[in-house]
Amino acid sequence: MKYINCGTPLPWLTARTDGEAEPCVHVSDLFLEMIHACGLSWGAGFTYIALGLEAKGENEVCFSPSVARRYGIPKNELPGYIKALTRGGYIRQTGKFRGHPHVYAITEADDETN
């Protein structure tokens, strides 16, 4: 997931009343079209966005069911969303064999490990 410096955030893009930037993910219309074109559910697409928010610019992110719950992602739906994102090559599980089953890497489109 790529991050860009968007300059001064518009008031509706930040939760802070002082106008300072909060960590955010800008979702392009192309991404929204890609969700549909690739057969991902809206839940899987939203989970991908939440993973990006939680990663805060890092490649790896811990995204447990309790973290997902903060984004309103139901615990019983999360495994299916993660499976769809993994199967589609958007993320890969990196912590499973280190005893951290909820650690994922957000993959790049040109990542050769997929």
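Residues numbered from 1 in each chain as written. Predicted model: local features only at pLDDT ≥ 70, side-chain atom pairs only at ≥ 80, totals over all residues. Heavy atoms only, no water.

**Details of the confidence of the model for the protein chain**
So, point 1. For the protein chain, per-residue confidence averages 77 on the pLDDT scale, and residues scoring 70 or more make up 68% of the total.
So, point 2. In this model, residues 1–12 is a region of pLDDT below 50 whose contacts with residues beyond four sequence positions or in other chains number 16 contacts.
So, point 3. Here residues 109–114 is modelled with pLDDT under 50, and outside its nearest four sequence neighbours on either side it reaches 5 contacts, counting other chains as well. (pLDDT = per-residue confidence, 0-100. Contact = heavy atoms within 4.5 Å.)

**What about the packing of helix α1 (residues 29–37) against helix α2 (residues 42–55)?**
So, point 1. Their axes nearest at 9 Å, the elements α1 and α2 cross at an angle of 140°. It follows that α1 is oblique to α2 by the angle criterion. As for the relative orientation of α1 and α2, their crossing is right-handed in sense. Counted together, F31, L32 and I35 of α1 and W42, G45, Y48 and I49 of α2 form the full contact between these two elements. (Axes fitted to C-alpha atoms, helices over the stretch in contact; angles between N-to-C directions. Helix = DSSP H or I, 4+ residues; strand = E, 2+ residues; numbered from the N terminus. Parallel < 35°, antiparallel > 145°, perpendicular 65-115°, else oblique. Left-handed = near helix turned anticlockwise from the far one by under 90°.)

**Some thoughts on the sheet that holds strand β1 (residues 60–62)**
So, point 1. In spatial order, the strands read β1-β3-β2; together these 3 strands make up an open sheet with antiparallel pairing. Of all the strands in the sheet, the pair left with one neighbour each is β1 and β2 (91–93). Sheet twist, expressed as the average angle between the axes of neighbouring strands with direction ignored, equals 30°.
So, point 2. As defined by bridge partners, β2 adjoins strand β3 (residues 103–106) across 3 bridges and the pair is classed as antiparallel. Of the residues in β3, the one forming a bridge with Q93 is Y104.
So, point 3. Across the sheet, α2 touches β1, β2 and β3, and the angle it forms with β3 is around 100°. (Pairing = 2+ DSSP bridges.)

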